[in-house]
Every structure is written in structure tokens, then in C-alpha cells.
Amino acid sequence: MALVKIREILDGKCENTNVTIRGWVYRKREGKELIFLLVRDSTGVIQCTVKKASPAWSEAEKLTIESALTLEGTAKQDKRAPGGYEISAEAVSIVGLAELFPITKDKSEEFIRDMRHLWLRSRKMNLVMKVRAKVLEYAREYFEKESFTEVSPPMFISAAVEGGSTLFGLKYFDQNLYLTQSSQLYLEILIYSLEKVYCIAPSFRAEKSRTIRHLTEYWHMEGEWPFADMNDLMQFEEGLMEHVCQKVAQNCQKEFAELGADINKLSEVKAPFPRITYAEAIERLKVKNPALKWGDDLGYEDEKVLAEDFGKPFFVYDYPTAIKAFYCKTYRDRPEIALSVDMMVPKIGEISTGGQREEDKDILIKRMKEQDLKPEDYEWYLDLRRYGTVPHAGFGMGLERLLTWMLDLDNIIDSIPFPRTTRRFYP
Ligand code: 4AD
Ligand code: MG
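Owing to the predicted nature of the structure, the values given are computational and were not obtained by experimental measurement.

**Student:** Mind laying out the overall build of the protein chain, listing which residues take part and the relevant values?
**Tutor:** A count of helical and extended segments in the protein chain gives 14 helices and 17 strands. Along the first, second and third principal axes, the C-alpha set of the protein chain runs to 85 × 50 × 45 Å. The burial tally for the protein chain puts 52% of its 427 residues in the buried class. Pairs at least 24 residues apart make up 66% of the contacts formed inside the protein chain by residues separated by at least 6 positions. Working note: accessible area of the protein chain is about 20,200 Å², and carbon and sulfur atoms make up 52% of it. Each charge class in the protein chain can be summarised by its mean position, and for the 61 positive and 68 negative side chains these summaries are 5 Å apart.

**Student:** Tell me about the nonpolar core, and please be specific about residues and values.
**Tutor:** As a rule of thumb, soluble globular proteins bury nonpolar side chains together. Of all hydrophobic cores here, the largest spans 48 residues; its most connected members are Met-241 and Trp-405. If you list the elements that add at least two residues to this core, you get α5 (123-145), β11 (197-204), β12 (217-226), α7 (230-251), β15 (337-345), β17 (392-398) and α14 (399-406). When residues of this core are assigned to their parent elements, the largest contribution, 10 residues, is made by α7. The contacts of Trp-405, once residues within four sequence positions are left out, are Met-241, Cys-245, Lys-265, Leu-266, Val-269, Pro-313, Val-345, Pro-346 and Ile-348.

**Student:** Outline the side chain of Ser-203, listing residues and values.
**Tutor:** Position of Ser-203 among the secondary structure elements: in strand β11. A polar atom in the side chain of Ser-203 sits 3.2 Å from the backbone oxygen of Gln-181. Sequence-distant contacts of Ser-203, that is, excluding residues within four places in its chain, are made with Thr-180, Gln-181, Ser-182, Thr-216, Glu-217, Tyr-218, His-220 and Glu-222.

**Student:** Tell me about the coordination of the magnesium ion (ligand 2), and name the residues and values.
**Tutor:** Looking at the metal site, the magnesium ion (ligand 2) is ligated by Glu-350 (OE) and Thr-353 (OG1), spaced 2.2 to 2.3 Å from it. Classification of Glu-350 by relative accessible area gives partly exposed; the value is 22%.

**Student:** Give me the lowdown on the site of ligand 1, citing residues and values where you can.
**Tutor:** Residues in contact with ligand 1 amount to 22 residues; listed here are only the nearest, Glu-162, Gln-184, Glu-222, Glu-350 and Ile-351. The backbone of Phe-395 places a nitrogen or oxygen atom 3.3 Å from a nitrogen atom of ligand 1. Notes on ligand 1: free accessible area 620 Å², of which the protein chains cover 95%. Broken down by secondary-structure element, the contributors of at least two residues to the shell around ligand 1 are β12, β16 (349-356) and β17. Looking at the shell around ligand 1, the element that brings in the most residues is β16, giving 4 residues. When grouped by side-chain class, the residues that make up the shell around ligand 1 number 6 nonpolar, 8 polar and 8 charged.

**Student:** Give me the lowdown on the packing of aromatic side chains, citing residues and values where you can.
**Tutor:** Throughout the structure, instances matching the rule amount to 20 aromatic pairs. Taken together, the aromatic side chains of Tyr-142, Phe-143, Phe-148, Tyr-198, Trp-225, Phe-236 and Phe-395 make up a single cluster linked through ring pairs. Its guanidinium or amino end placed over the ring of Tyr-26, Arg-27 lies 4.4 Å from that ring's centre, counting from NZ or CZ. One Lys or Arg, Lys-324, reaches over the ring of Tyr-319 and ends 4.2 Å from the middle of that ring.

**Student:** I'd like a description of the sheet that holds strand β9 (residues 169-172), backed by residues and values.
**Tutor:** Taken together, 3 strands build an open sheet; the order of strands is β8-β10-β9 and the sheet is antiparallel. Across the chains shown, the open sheet's two edge strands, defined by having one partner strand only, are β8 (156-157) and β9. Both β8 and strand β10 (residues 175-179) contribute to a ladder of 2 bridges, which runs antiparallel. Bridge pairing links Ile-157 to Tyr-178 in β10.

**Student:** Outline the packing of helix α6 (residues 184-194) against helix α13 (residues 379-386), listing residues and values.
**Tutor:** In contact at an axis separation of 10 Å, α6 and α13 are set at 35° when each is read in the N-to-C sense. Where α6 crosses over α13, the two elements pack in a sense that is left-handed. The residues of α13 that touch α6, namely those facing Gln-184, Leu-185, Tyr-186, Glu-188, Ile-189 and Tyr-192, are Trp-380, Tyr-381, Leu-384 and Arg-385. Split into classes, the residues belonging to the contact of α6 with α13 amount to 7 nonpolar, 1 polar and 2 charged.

**Student:** Can you lay out the packing of helix α12 (residues 361-370) against α13 for me, pointing to particular residues and giving the numbers?
**Tutor:** As a packed pair, α12 and α13 sit with axes 9 Å apart at the nearest point and diverge in direction by 155°. It follows from the interaxial angle that α12 and α13 lie roughly antiparallel. Mapping the contact onto sequence places Lys-361, Leu-364, Ile-365 and Met-368 in α12 and Tyr-381, Leu-382, Arg-385 and Arg-386 in α13.

Thresholds applied
Residues numbered from 1 in each chain as written. Chains lettered and ligands numbered in written order. Predicted model: local features only at pLDDT ≥ 70, side-chain atom pairs only at ≥ 80, totals over all residues. Heavy atoms only, no water. Helix = DSSP H or I, 4+ residues; strand = E, 2+ residues; numbered from the N terminus. Buried < 20%, exposed > 50% of the residue type's maximum accessible area, 1.4 Å probe, protein only. Contact = heavy atoms within 4.5 Å. Areas by Shrake-Rupley, 256 points an atom, 1.4 Å probe, with all protein chains shown as cover. Lys, Arg positive; Asp, Glu negative; His and termini not counted. Charge placed at Lys NZ, Arg CZ, Asp CG, Glu CD. Core = buried A, V, L, I, M, F, W, Y, C linked by side-chain atoms within 4.5 Å. Polar contact = N/O pair within 3.5 Å; in protein donor to acceptor, adjacent residues only side chain to side chain. Donors = N, O, S within 2.8 Å, 3.2 Å for Na, K, Ca; no water. Near = heavy atom within 4 Å. Nonpolar A, V, L, I, M, F, W, Y, C, P; charged D, E, K, R; others polar. Phe/Tyr/Trp six-rings, centres within 6.5 Å; stacked < 30°, edge-to-face > 60°. Lys NZ or Arg CZ within 6 Å of the ring centre and 35° of its normal. Pairing = 2+ DSSP bridges. Axes fitted to C-alpha atoms, helices over the stretch in contact; angles between N-to-C directions. Left-handed = near helix turned anticlockwise from the far one by under 90°. Parallel < 35°, antiparallel > 145°, perpendicular 65-115°, else oblique.

See below:
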């Protein structure tokens with residue numbers, strides 16, 4: 001009586017043997033002589049049949065959807081069963097009988113979102129969370145391979161990183177603090193000690209825009225390192241994307257197949273990526289949108305149009321300084337242009353922003369003042385330019401935007417177990 005995971009049976013490792021599984025009732029269909037159960041565990045779903053003559057019958061009859069159970073029986077191949085295997089049950093024991101489960105087929109998307117704590121048991125969310133874990137694993141693997149050290153930045157911060165309009169303020173005893181929008185400035189501190197650093201941590205944005213690509217709390221993969229320029233940065237980012245996409249393409253085939261997502265687009269992700277300047281992007285977009293002019297920020301719609309042309313990840317670089325954060329380095333001979341780069345993908349548009357950072361203290365102070373920031377709020381940041389300043393670069397990539405693209409999800413909220421948006425923060 002071997003205790004097995006359902007995946008082992010579906011992989012053909014338990015044929016004609018007596019097995020025990022533990023899990024939950026996913027579906028149930030009851031006939032006069034036969035009960036069909038679909039039982040799920042963390043690894044998969046398997047069909048189980050209970051015959052009227054079996055000693056398991058009376059317990060099986062009582063089972064309700066989402067009841068927890070232990071089931072023992074003989075595993076065998078059966079072409080008619082979903083997944084190709086079935087267990088003919090000989091014993092069923094109820095572990096936790098479920099009340100009438102509220103999520104049923106006819107329920108609206110809105111209702112399902114309100115039932116997130118129960119919906120996370122669905123096959124879809126189970127599979128998405130598994131791919132998410134793999135993406136994190138492969139991203140870390142790439143950073144480590146490139147000799148980066150993982151660091152742990154703070155979430156409570158005292159000065160804005162990405163501008164005031166998306167900053168969450170909070171009471172911190174009798175002070176006013178904020179939730180971090182990006183760990184970049186803290187990574188910049190750490191490069192003077194550890195050189196190549198990265199973090200995978202939450203970032204918060206008081207983002208009112210209700211689009212398919214915005215959350216108020218998201219996971220941010222950020223890297224920063226010294227003695228680096230724009231070319232080093234883009235090479236690293238495309239290397240990271242290639243590594244993560246290739247590894248997922250190799251190892252998540254079952255998940256993609258069950259989710260109905262196209263895994264081939266991931267095998268096609270290979271460095272180098274196309275690179276165009278912001279000025280070229282404007283020229284391309286003007287064909288469809290003549291009102292657009294140099295200096296305008298690219299919106300979601302513009303990015304989608306650009307991305308449709310490429311059909312794969314690409315870079316847009318050299319943005320106007322005026323639409324970029326204070327820390328962006330500018331060309332010495334063209335101060336109106338910032339050494340800043342976005343990676344974009346089809347349907348989502350921007351998934352990362354990075355660039356070289358201003359390493360000159362006086363230019364940095366000037367840029368802060370232009371953006372109505374108080375240099376005295378950033379004394380520690382200016383110290384980094386006082387003591388051994390160095391050219392450096394880094395980037396931040398939104399994990400959920402990456403996943404939404406990879407898995408072709410309709411909305412970013414399905415890429416994270418507990419999405420936070422303007423309206424959603426329960427449970
Ligand atoms: O473009 P952003 O604002 O850049 C930064 O925060 C830089 N300080 C990063 C750095 O250089 N270390 O944000 C970076 C990425 C975006 O490209 C996007 O993928 C994601 O973070 N992002 C969001 N994801 C979900 N919901 C939101 N509201 C997001 N805002 C940004
Ligand atoms: Mg950006």
C-alpha cells in the first residue's frame with residue numbers, strides 16, 4: 001500500500017499496483033452502480049471509480065466537492081480516463097467533509113475573484129503558481145551564474161524613488177514614511193560593498209490605472225552593478241530573459257499544455273534582442289498616430305503597437321530626460337536624452353526599465369531640483385557620489401508582467417496568488 005502522489009500514477013510509474021493517495025474531491029458523478037471521482041492533489045488530478053460492491057461505496061457516497069480524503073485502490077491504464085490512468089478504489093476514508101462548495105461552473109468572474117482564497121485550489125491557479133516558482137528559481141539561477149549576490153532591501157522608506165504620484169504614504173509611529181516603489185537606490189548603496197547585487201522583493205505603487213498590467217503590490221526583480229554601461233545592461237537583461245524562457249520551455253511543458261499557453265514562443269527567445277531608440281519608436285508610431293511627437297511618454301497603446309511589429313522581446317532606449325526619473329544619467333553632449341532603456345514584449349508592452357545612473361553629484365543635485373525633489377532628503381544617496389563614485393547601471397523587471405506575457409494571461413491579477421489592486425485586498 002504505497003502512498004504516492006497523483007503525478008507518479010499519471011507518469012505511468014504505478015501501473016497495476018496498489019496505491020494510496022491523499023487529496024481533495026475535484027468532481028463527482030454518481031451512477032446507480034458506479035461513482036466517478038476526480039481527486040486532486042498538489043501534483044495533478046486522477047479519475048477514481050468506486051463500484052457499488054466495493055467496501056469504499058458507503059464512504060464515497062458521502063463525499064462532497066472539496067472534501068479531503070484518503071483513497072486506496074489499484075492504479076491502471078485506461079484510455080477513456082482524463083490523463084490516461086484511473087484508480088479502482090477499494091477503500092475511501094473521509095478526512096474532512098466539505099460543506100457545499102461556493103465555486104461552481106456558472107459563477108461570474110467577479111464572484112470567483114472574491115473567492116480568491118478558495119479559487120487558488122483551481123487547476124489554473126495551481127499551474128500558474130508552479131510556473132511562477134520556476135521563473136523565480138531560474139531568474140535566481142541566472143543572477144548567481146553571473147556572480148551576483150542576493151540582498152534584502154527595506155520596504156519602509158523615507159524618500160521617493162519613482163516620483164510622488166504613485167507613492168503610498170504611511171504612519172510610522174509619529175513620522176511619515178512610504179512603501180518602497182523600487183529597491184534601486186538601496187541596491188546602489190550595496191554595489192560599493194558587494195559590486196554585483198540583485199533582489200527579488202515587493203514594490204508598491206499607488207497606481208489608480210485599472211489596466212491588465214497594473215498592481216498596487218508587485219514583485220520586482222532588480223539588479224545593479226558598478227563599472228557598467230548601457231550595452232552591458234542590455235546584454236545582461238537579454239541573457240536573463242533567454243535563460244528564464246529557455247528553462248521554462250524545457251521544464252514546464254506539462255503546465256503550459258494544461259493551461260493552453262503557447263510554449264514555443266519561449267523557446268524562440270534568444271539573445272540578442274532588437275534594439276531601437278525612443279526617436280525611432282516615435283517615427284514608427286507616427287505612421288498610425290500623427291499626433292505623437294518627440295518628448296511624449298509612450299503609453300500602453302503605443303507600446304502594444306510597437307510590440308506587435310516585433311512579435312518578441314525588444315529594447316527601446318535613449319528616452320527624453322524630461323520623462324525619466326532624477327537618477328537617470330544623461331548624455332554629456334545631449335542632456336535632453338537619458339541613458340535609459342525599457343524592455344518590451346507583445347501584448348504587455350514594458351516589462352522592465354533600467355539604465356545608467358547619474359554618478360556626478362552636482363548634475364544629480366541639479367536634476368533633483370528640476371523635479372522639485374529636496375536634495376537634503378537624499379543626503380545618503382549623494383554620499384555615494386562623494387565617496388568613490390563609479391559609473392553604474394541596473395534595471396527592474398516586474399515578475400507579474402513577465403508571467404502575464406509568458407503564460408498569455410488575460411490579466412496580471414492571475415499571475416500572483418493574492419493580487420492587490422485599487423479595489424482588491426481581500427483576503
Ligand atoms: O519602470 P519602473 O517604474 O522602474 C523602476 O522602478 C526602476 N527603479 C527599476 C530599476 O532600475 N531598478 O518599474 C520597473 C518595472 C516595470 O517595467 C514593470 O515591469 C514593473 O516594474 N511595474 C509594475 N508591475 C505591476 N504593476 C505596477 N503597477 C508596476 N509598476 C511597475
Ligand atoms: Mg518604467
